[in-house]
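Overview (structure and organization)
Each chain is listed here by its residues.
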Amino acid sequence: MPEAGVTYWTALDSPVGRLLLTAGPDGALTSLSVPGQKGGRTVQEDWRRDPGPFRAAAEQLAAYFAGELTEFRLPLRAEGTAFRTRVWDALDTVPYGTTTTYGEIAARIGASRAAVRAVGGAIGANPLLIVRPCHRVIGANGSLTGYAGGLACKTRLLTLEGVLGRAEVPAGVSPR
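Predicted model, so just to flag it, every value in this text is computed and none were measured.

1. Overview of the overall build of the chain
When its secondary structure is counted, the chain shows 5 helices and 6 strands. Overall, the chain shows an N-to-C arrangement of helices and strands of β-β-β-β-α-α-β-α-α-β-α. Expected size for 176 residues packed as a compact globule is a radius of gyration near 16 Å; at 16 Å, the chain falls within 12% of this value. Oriented by its inertia axes, the alpha-carbon framework of the chain measures out at about 50 × 35 × 25 Å. When burial is assessed residue by residue, the chain has 44% of its 176 residues classed as buried. Of the accessible surface of the chain, which amounts to about 9,000 Å², a share of 51% is contributed by carbon and sulfur atoms. With 19 positive and 15 negative side-chain charges, the chain shows a spacing of 7 Å between the two charge centroids.

2. Let's talk about the packing of aromatic side chains
Within this structure, the stated rule accounts for 3 aromatic pairs. The interplanar angle of 70° and the centroid separation of 5.2 Å between the aromatic rings of Tyr-64 and Phe-65 together place this pair among those described as edge-to-face. Overall, Phe-65 belongs to the buried group, its relative accessible area being 16%. A ring pair is formed by Tyr-64 and Tyr-96, whose centres lie 6.1 Å apart and whose planes are at 90°; its orientation type is edge-to-face. Remark: Tyr-96 occurs in the loop between helix H2 (82–91) and strand E5 (100–101) and Tyr-64 occurs in helix H1 (residues 55–65); sequence separation between them is 32 residues. Ring-pair connections join several aromatic residues into one group, and the members of that group are Tyr-64, Phe-65, Phe-72 and Tyr-96.

3. Remarks on the sheet that holds strand E4 (residues 48–49)
Strand order in the open sheet formed by 4 strands is E3-E2-E1-E4, and the pairing between neighbours is mixed. At either margin of the open sheet sits one strand with a lone partner, and together these are strand E3 (29–33) and E4. For strand E1 (residues 8–12) and E4, the ladder comprises 2 bridges, and the chain directions are parallel. When the bridges of E4 are listed, Tyr-8 appears paired with Arg-48. Set on the sheet, H1 makes contact with E1, strand E2 (19–23) and E3; between it and E2 the angle comes to about 145°.

4. Considering the nonpolar core
With 41 residues, the main nonpolar core has Leu-19, Leu-21, Leu-61, Ile-105, Ile-123 and Ile-130 as its most contacted residues. Looking at this core, the elements that each hand over two or more residues are E1, E2, E3, H1, H2, helix H3 (102–108), helix H4 (116–124) and helix H5 (151–160). If one sorts the elements of this core by residue count, H1 sits on top with 5 residues. Among residues more than four places away in sequence, those in contact with Leu-21 are Tyr-8, Trp-9, Thr-10, Leu-12, Leu-29, Ser-31, Leu-32, Phe-54, Ala-57 and Leu-61.

5. Focus: the side chain of Ser-14
Structurally, Ser-14 can be placed in the loop between E1 and E2. Here Gly-17 takes part through its backbone oxygen, which lies 2.7 Å from a polar atom of the side chain of Ser-14. Contacts of Ser-14, omitting those with residues within four sequence positions, involve Leu-19 and Phe-65.

6. Notes on the state of the cysteines
As enumerated under the stated definition, the model contains 0 disulfides in all. Cys-134 takes part in no disulfide bond, and the closest cysteine sulfur, belonging to Cys-153, lies 9.1 Å away. Cys-134 gets classed as buried once you look at its relative accessible area, which sits at 6%.

Cut-offs applied
- Residues numbered from 1 in each chain as written.
- Predicted model: local features only at pLDDT ≥ 70, side-chain atom pairs only at ≥ 80, totals over all residues.
- Heavy atoms only, no water.
- Helix = DSSP H or I, 4+ residues; strand = E, 2+ residues; numbered from the N terminus.
- Rg over C-alpha atoms; globule rule 2.2 N^0.38 Å.
- Buried < 20%, exposed > 50% of the residue type's maximum accessible area, 1.4 Å probe, protein only.
- Areas by Shrake-Rupley, 256 points an atom, 1.4 Å probe, with all protein chains shown as cover.
- Lys, Arg positive; Asp, Glu negative; His and termini not counted.
- Charge placed at Lys NZ, Arg CZ, Asp CG, Glu CD.
- Phe/Tyr/Trp six-rings, centres within 6.5 Å; stacked < 30°, edge-to-face > 60°.
- Pairing = 2+ DSSP bridges.
- Contact = heavy atoms within 4.5 Å.
- Axes fitted to C-alpha atoms, helices over the stretch in contact; angles between N-to-C directions.
- Core = buried A, V, L, I, M, F, W, Y, C linked by side-chain atoms within 4.5 Å.
- Polar contact = N/O pair within 3.5 Å; in protein donor to acceptor, adjacent residues only side chain to side chain.
- Disulfide = S-S within 2.5 Å.

Structure representation (structure tokens):
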């Protein structure tokens, strides 16, 4: 039985490494971190390990990595400012197998051209990697710009989704 105020967690193996997932008592996914993630979560002493709340997430992630799922249908709850929430909601509209730019995300939320840097900051603070597809955001010139999970992980995800072919992997980035 879920307990109010408790953070539940589990770890799942994936093609991009061991994923750390957290959820609140209602079962909504609150974070998904990849190994070495900038700003990624780490297990805290008062968290409760329980794979139960993560069954649907585990099934959907396995199907995604097998190339069988193109859209996650999970309850998500990420805490952030109103601006970050608007940016994260815009990320949810970027379809599988496509990319968009920081400027396009800014335009989708009605932000000015000058706000592109703030949009980048909000995207970089996304606590729900993979399921909230910040890996689909690239530079205006088509370059694979920063990714909290690292460019190798971003490359791996975009290759899985068919956006990148093996020949398109940027120099210095080796997919796992």
